[in-house]
Amino acid sequence: MTIRVLIADDHAMVRAGFGALLAAERDIEVVGDAADGEQAVAQTRRLCPDVVLMDVRMPGLDGLRAARLILTPPPREHRPRVLMLTTFDVDDYVYEALRAGASGFLLKEAPPGDLISAVRVVAAGDALLAPSVTRRLIEEVVRCRPALPSSPSRTGRLTEREAEVLLHIARGLSNTEIAAALVVAEQTVKTHIGRILTKLDLRDRAQAIVFAYESGLVIPRSGLPLIPEAAPAGMRASPLGARDVLGRPYRDLGGVGG
């Protein structure tokens with residue numbers, strides 16, 4: 001199946017470069033481009049792309065506001081996936097883009113192959129965050145936004161294993177890494193993630209990360225996410241005595257990232 005892509009960026013050379021790169025792939029078709037947010041919204045509704053590559057900073061209607069409009073279309077209108085592109089990874093753009101419903105966030109300085117892979121990942125329904133952006137997201141949420149009390153009606157729907165998988169997602173682990181940590185098949189991890197998203201009414205992995213921190217499901221130490229005491233041996237115990245939503249003590253992973 002061909003992935004239909006729309007490119008929104010206020011620099012013509014960037015649009016041309018990304019367009020040529022993606023058009024060279026057999027499974028990707030660049031159906032149009034836009035120089036600002038208003039054009040991006042209009043072109044999305046007219047062309048119905050599968051993925052919109054959206055620059056964050058554009059004149060007039062910026063990428064964040066355009067993404068919100070694209071991701072909240074009128075009933076029965078097409079809703080694509082949005083992959084945010086930016087040269088910045090140090091501000092609230094990360095958090096706000098994911099809250100708006102974007103499926104991924106990639107730095108423009110990433111290698112060409114990463115952009116191609118990102119389009120395919122997002123088109124397949126998965127979420128994508130550059131490792132440095134994942135770390136920045138976690139740090140910013142922890143530092144700037146006190147955790148909100150988690151809703152028992154939502155978090156209580158998770159089984160113990162599902163809560164554990166969500167904690168690993170919040171750390172930025174891939175499905176393969178989660179499977180290795182829990183000693184289960186990767187397909188089992190995918191099944192758990194599908195159930196987590198359904199039970200919590202979340203769209204994808206990116207929103208699951210935001211939920212984990214914003215709801216207080218994950219209680220961090222010094223900006224680092226923590227996982228339950230059932231973690232593999234060798235991880236040092238958190239001195240804070242923090243506990244997860246299931247009441248189990250955490251162990252510090254000592255780092256974050258994808």
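So, here is what we can say about the structure in this document. (Residues numbered from 1 in each chain as written. Predicted model: local features only at pLDDT ≥ 70, side-chain atom pairs only at ≥ 80, totals over all residues. Heavy atoms only, no water.)

1. Side note on empty space enclosed by the protein
Here the structure, examined in full by the defined rule, presents one cavity of 30 Å³ or more. Taken as a whole, the largest cavity encloses approximately 30 Å³ of empty space. Around the largest cavity, the lining residues are Thr 44, Arg 45, Leu 69, Ile 70, Pro 73, Glu 77 and His 78. Of all elements in the fold, only α2 (37-47) and α3 (63-71) reach the threshold of two or more residues within the lining of the largest cavity. Residues belonging to the lining of the largest cavity are distributed by class as follows: three nonpolar, two polar and two charged. (1 Å grid on protein atoms, 1.4 Å probe; cavity = no way out; pocket = protein on both sides within 12 Å on 5 of 7 lines; lining within 4 Å. Points joined across faces, edges and corners; volume = space filled by probe spheres on them. Helix = DSSP H or I, 4+ residues; strand = E, 2+ residues; numbered from the N terminus. Nonpolar A, V, L, I, M, F, W, Y, C, P; charged D, E, K, R; others polar.)

2. Concerning the pattern of salt bridges
The final tally for this structure, using the stated rule, is nine salt bridges. Taking the shortest distance from any N to any O, the salt bridge between Asp 33 and Arg 15 comes out at 3.9 Å. Placement of Asp 33 in strand β2 (residues 28-34) and of Arg 15 in helix α1 (residues 12-23) is noted, with a sequence separation of 18 residues between them. A salt bridge links Lys 199 to Glu 162, with the nearest nitrogen and oxygen atoms 2.8 Å apart. Here Glu 162 lies in helix α8 (residues 160-171) and Lys 199 lies in helix α10 (residues 186-200), a separation of 37 residues in the sequence. Three or more residues are tied together by salt bridges with common partners; here these are Asp 9, Asp 55 and Lys 108. (Salt bridge = Lys/Arg side-chain N within 4 Å of Asp/Glu carboxyl O.)

3. Brief notes about the environment of Gly 104
Within the secondary structure, Gly 104 sits in strand β5 (residues 104-107). Sequence-wise, Gly 104 and Leu 83 are 21 residues apart; in three dimensions their C-alpha atoms are separated by 4.8 Å. Look past the residues within four positions of Gly 104 in its chain and what remains in contact with it is Val 82, Leu 83, Met 84 and Leu 128. (Contact = heavy atoms within 4.5 Å.)

4. Description of the packing of α8 against helix α11 (residues 205-214)
Interaxial distance between α8 and α11 falls to 9 Å at its minimum, and their mutual angle equals 100°. Considering their axes alone, α8 and α11 lie roughly perpendicular with respect to each other. Residues Leu 166, Ile 169 and Ala 170 of α8 lie in contact with α11, whose contacting residues are Arg 205, Ala 208, Ile 209, Phe 211, Ala 212 and Tyr 213. For the contact of α8 with α11, the per-class residue count stands at eight nonpolar, no polar and one charged. (Axes fitted to C-alpha atoms, helices over the stretch in contact; angles between N-to-C directions. Parallel < 35°, antiparallel > 145°, perpendicular 65-115°, else oblique.)

5. Some words on α11
The buried fraction of α11 is high, at nine of 10 residues. Where α11 is concerned, the buried positions are Arg 205, Ala 206, Gln 207, Ala 208, Ile 209, Val 210, Phe 211, Ala 212 and Tyr 213. After α11 finishes, the residue Gly 216 shows a positive phi value of roughly 90°. (Buried < 20%, exposed > 50% of the residue type's maximum accessible area, 1.4 Å probe, protein only.)

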